[in-house]
Each structure stands twice: as C-alpha cells, then as structure tokens.
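Spelled out, the chains give:
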Amino acid sequence: MSEYKTILIATDLSDPSLSAVEHGVALAERLGSRVILTYVMEDRLPPMILAHSALPTDELLEQHRKHAEKALDEFVERHL
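In short, a report on the structure. All residue numbers here refer to positions counted from 1 along the written sequence of the relevant chain. Residues qualify for local features only when their pLDDT is at least 70, as the model is predicted, and side-chain atom pairs are given and counted only at 80 or more; totals for whole chains, interfaces and linings, by contrast, use all residues. Computation of side-chain values covers all heavy atoms of the structure but excludes hydrogens and water.

## Examining the overall build of the protein chain
Helical segments are the DSSP runs of H or I of at least four residues, strand segments are the runs of E of at least two, and each set is numbered from the N terminus. Helix and strand counts for the protein chain stand at three helices and two strands. When the elements of the protein chain are put in sequence order from the N terminus, they spell out β-α-β-α-α. With C-alpha atoms as the basis for the radius of gyration, the globule rule is written as 2.2 Å multiplied by the number of residues raised to the power 0.38. Compactness check: the protein chain gives a C-alpha radius of gyration of 16 Å against a globular reference of 12 Å for 80 residues, more than 25% above the reference. Counting only C-alpha atoms and orienting by the principal axes, one finds that the protein chain spans roughly 55 × 25 × 20 Å. In this scheme, a residue with accessible area under 20% of its type's maximum is buried, one over 50% is exposed, and one in between is partly exposed, where area comes from a 1.4 Å probe on protein chains only. Buried residues in the protein chain amount to 24% of all 80 residues.

Dropping the structure here:
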C-alpha cells in the first residue's frame, strides 16, 4: 500500500493545466490514492467589473464563485 493516500492537484482550468491533472490522476491510479482537484479564485474582483456593475460586491463575488464552481464541474466531466 502506498504512503500517498491523497494527491492534491491544483488547476486553473486551462488546457495547459490539463497535462498536470492527467499526470496526477495517473499517479493516483497507480498508487491507489484518491484525488482532490482544487481551483483557487481570488476573493476580489477587478476594479473594471466593480465600476460597471450595479450589483453589490458581495453579490458579484457570489456569482463569480458559482461560475467558478460550474467551470470546475464541467472541467472534471469533460476530462476526468
């Protein structure tokens, strides 16, 4: 049994990051490890978005978070 029980793979959801994800998944399969895929988003928005929106900042951040979560789900479905 491998001493690597979990492998954390970070992605920015870009095509170039896909090779790192595929490598991490292949390694996990060989070692019998589980995979945690993570995507980190900034907790602030660019000033241009804030300046051109009537929505409160908290609401914009929540929309951004939901969009990022959906994009991660789609990335997993498409590539894994």
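## Considering the pattern of salt bridges
We define a salt bridge as a side-chain nitrogen of Lys or Arg found within 4 Å of a carboxyl oxygen belonging to Asp or Glu. Across all of its chains, the model carries three salt bridges by this definition. Across the pair Glu-62 and Arg-65 runs a salt bridge whose closest N-O atoms are separated by 2.5 Å. Taken together, the residues Glu-62 and Arg-65, both in helix α3 (residues 57–79) and three residues apart, mark about one turn of the helix. Classification of Arg-65 as partly exposed rests on a relative accessible area of 32%. Each of the salt bridges in this network shares a partner with another, and the network as a whole consists of Glu-62, Arg-65 and Glu-69.

## Quick word on α3
To estimate how far a helix should extend, the number of its residues minus one is multiplied by 1.5 Å. The end-to-end C-alpha distance of α3 is 33 Å, a good match for the 33 Å that 23 residues give at a rise of 1.5 Å each. Restricting attention to buried positions, one finds in α3 the residues Leu-60, Leu-61, Ala-68, Leu-72 and Phe-75.

## Observations concerning the pairing of strand β2 (residues 34–38)
Along a regular strand, successive side chains alternate from one face of the sheet to the other. Between any two strands, at least two bridges found by DSSP are needed for them to pair. Where strand β1 (residues 6–10) meets β2, five bridges bridge the pair, whose relative direction is parallel. Paired with Ile-9 across the two strands is Leu-37, which belongs to β2. The handedness of a crossover follows from its direction of travel: if, with the strands pointing away from the viewer, the path from the first strand over the helix to the second runs clockwise, the crossover is right-handed. Note that the unit made of β1, helix α1 (residues 15–31) and β2 has a crossover that is right-handed.

## Thoughts on the environment of Ala-54
Its place among the elements puts Ala-54 in the loop between α2 (47–51) and α3. Between the C-alpha atom of Ala-54 and that of Glu-74, which follows or precedes it by 20 residues, the distance is 29 Å.

## Observations regarding unusual backbone geometry
Despite not being glycine, Leu-13 shows a phi value in the positive range, around 70°. Its place among the elements puts Leu-13 in the loop between β1 and α1.

## Focus: the nonpolar core
Counting residues in each nonpolar core, the largest one holds ten residues, listed as Ile-7, Ile-9, Leu-13, Leu-18, Val-21, Val-25, Ala-28, Leu-37, Leu-72 and Phe-75. Ranked by residues supplied to this core, first place goes to α1 with four residues. If we skip the residues at most four places from it in the chain, Ile-9 touches Ala-20, Val-21, Gly-24, Val-25, Val-35, Ile-36, Leu-37 and Thr-38. Among buried residues, the Ala, Val, Leu, Ile, Met, Phe, Trp, Tyr and Cys ones that are joined through side-chain atoms within 4.5 Å form a nonpolar core. Only heavy atoms matter for contacts: two residues are in contact if any of them lie within 4.5 Å across the pair.

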